[in-house]
Amino acid sequence: MDNMPGVVFRCELDSNWSMLFVSPSILELSGYSADELVQQRITFAELIYKPDNDTINETIDSAVAQQKQYSIEYRIR
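Residues numbered from 1 in each chain as written. Predicted model: local features only at pLDDT ≥ 70, side-chain atom pairs only at ≥ 80, totals over all residues. Heavy atoms only, no water.

*Asks:* Give me the lowdown on the overall build of the chain, citing residues and values where you can.
*Replies:* Helix and strand counts for the chain stand at four helices and two strands. Shown N-terminal to C-terminal, the secondary structure of the chain runs as helices and strands in the order β-β-α-α-α-α. Its C-alpha atoms give the chain a radius of gyration of 12 Å, within 12% of the compact-globule value 11 Å for 77 residues. In the chain, which comprises 77 residues, the share counted as buried stands at 25%. Of all intrachain contacts in the chain linking residues separated by at least 6 positions in sequence, the fraction that spans at least 24 positions is 33%. As presented, the chain carries roughly 5,600 Å² of accessible surface, and 47% of it is formed by carbon and sulfur atoms. Between the mean site of the 6 positive side-chain charges and the mean site of the 12 negative ones, the chain shows a separation of 1 Å. (Helix = DSSP H or I, 4+ residues; strand = E, 2+ residues; numbered from the N terminus. Rg over C-alpha atoms; globule rule 2.2 N^0.38 Å. Buried < 20%, exposed > 50% of the residue type's maximum accessible area, 1.4 Å probe, protein only. Contact = heavy atoms within 4.5 Å. Areas by Shrake-Rupley, 256 points an atom, 1.4 Å probe, with all protein chains shown as cover. Lys, Arg positive; Asp, Glu negative; His and termini not counted. Charge placed at Lys NZ, Arg CZ, Asp CG, Glu CD.)

Structure follows, in structure tokens:
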């Protein structure tokens, strides 16, 4: 995963997107280390550009309800 472009993560489906795992490349993308996110010193929800929240939530809720994979692009700050 360290060689993949972008960030790989696994999170809880809670309001903060609590991180269970996040690849080290999150540092380059966000300025925050993987440890900071896993230890919840900052939450992934705080990084998401707020106007994108509704689209993200709708996409994920639909995928979970239908037990399907999903792909979505969104902005982070």
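From this point, things continue past the structure.
*Asks:* Describe the packing of aromatic side chains, with residues and values.
*Replies:* In total, this model carries five aromatic pairs according to the counting rule given. Here Phe9 and Trp17 contribute two aromatic rings whose centre-to-centre distance is 6.3 Å and whose plane-to-plane angle is 40 degrees, an arrangement assigned as tilted. (Phe/Tyr/Trp six-rings, centres within 6.5 Å; stacked < 30°, edge-to-face > 60°.)

*Asks:* Explain the side chain of Thr43 to me, using residue names and the numbers behind them.
*Replies:* Along the polypeptide, Thr43 turns up in the loop between helix H2 (34–38) and helix H3 (44–47). Residues in contact with Thr43, not counting those within four places in the same chain, are Asn16 and Leu37.

*Asks:* An account of the nonpolar core is requested, with residue identities and associated values reported.
*Replies:* Of all hydrophobic cores here, the largest spans 12 residues; its members are Trp17, Met19, Val22, Ile26, Ala34, Leu37, Ile42, Phe44, Leu47, Ile48, Ile56 and Ile60. Setting aside residues no more than four positions away along its own chain, Trp17 makes contact with Phe9, Cys11, Glu12, Phe44, Ala45, Ile48, Ile56, Ile60 and Tyr74. (Core = buried A, V, L, I, M, F, W, Y, C linked by side-chain atoms within 4.5 Å.)

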